[in-house]
Amino acid sequence: MVDMNMIIAGNILSLLKKQNKKQTDLANALRTNKQTVNKMLNGTRMINAVELKSIAEYLGVKMEELTKIPSIHADTNIVHVFMGKVQSEQAKQALVIADELSDMILFHKKVRENGEAMMIAWEDD
C-alpha cells in the first residue's frame, strides 16, 4: 500500500536538499515552527492542501511535483526488506514462514472483525 503522506514528505525533503534549503526555512515560509514541519516530514502529521500549496510555492514547483509517486518506491514490507539482507537458506525460509504467518494473522483478524460487524447488523433487526 502506498502511503501518500510519506511520498509527499519524501518529495519535499528531496527538493529541500536539492535546493539547499532547511526545514527551518520551510517553517518560516509556512509561518509555523520547525517541530510542526518535522512532524509533517516524518509522517506523524498530515499535510493539508493549503500547506501543500504554500510548500509548492516556496519550493517553486507545481503541486503535482510534490504528489508525484516515484516509479520505484521502497518496499515497506519488513519481511521483504530483510529477505534481501540474509545470507543463509535457513534464515530465508524462516522469513518466508514469518511472512505467511503474519498474512494468516491479518486475514483471521479481518474475518473476525467482519463477523462481529455482521452480528451487530443481525442483532439490530
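Below you will find a few notes about this structure. Quantities reported herein were computed from a predicted structural model and do not represent experimental measurements.

Observations regarding the overall build of the chain
Part 1 of the reasoning: On a plain count of helices and strands, the chain comes out with 7 helices and 0 strands.
Part 2 of the reasoning: For the chain, the N- to C-terminal ordering of α and β elements is α-α-α-α-α-α-α.
Part 3 of the reasoning: Relative to its full complement of 125 residues, the chain shows a buried share of 20%.
Part 4 of the reasoning: Of the contacts formed within the chain by residues at least 6 apart in sequence, a portion of 52% connects residues at least 24 apart.
Part 5 of the reasoning: As displayed, the chain offers around 9,500 Å² of accessible surface, 59% of which is attributable to carbon and sulfur atoms.

As for helix H4 (residues 49–59)
Part 1 of the reasoning: Within H4, burial applies to Glu51, Leu52, Ile55, Ala56 and Leu59. The arc that holds every buried residue of H4, seen down its axis, measures 140°, which confines them to one face. Summarising the geometry of H4, the exposed residues directed more than 90 degrees from the buried face are Val50 and Glu57.
Part 2 of the reasoning: Elements in contact with the buried residues of H4: helix H1 (4–18), helix H2 (23–30), helix H3 (34–42) and helix H5 (63–67).

As for unusual backbone geometry
A negative phi angle is the norm for most residues apart from glycine, just as the trans form is the norm for most peptide bonds.
Part 1 of the reasoning: Positive phi is not limited to glycine here, since Asn20 has a value of about 55°.
Part 2 of the reasoning: With respect to the helices, strands and loops of the structure, Asn20 is situated in the loop between H1 and H2.
Part 3 of the reasoning: Residues other than glycine seldom take positive phi values, yet Arg31 does so here, at roughly 55°.
Part 4 of the reasoning: With respect to the secondary-structure elements, Arg31 resides in the loop between H2 and H3.

Rules used in this analysis
Residues numbered from 1 in each chain as written. Predicted model: local features only at pLDDT ≥ 70, side-chain atom pairs only at ≥ 80, totals over all residues. Heavy atoms only, no water. Helix = DSSP H or I, 4+ residues; strand = E, 2+ residues; numbered from the N terminus. Buried < 20%, exposed > 50% of the residue type's maximum accessible area, 1.4 Å probe, protein only. Contact = heavy atoms within 4.5 Å. Areas by Shrake-Rupley, 256 points an atom, 1.4 Å probe, with all protein chains shown as cover. Arc of directions from axis to C-beta.

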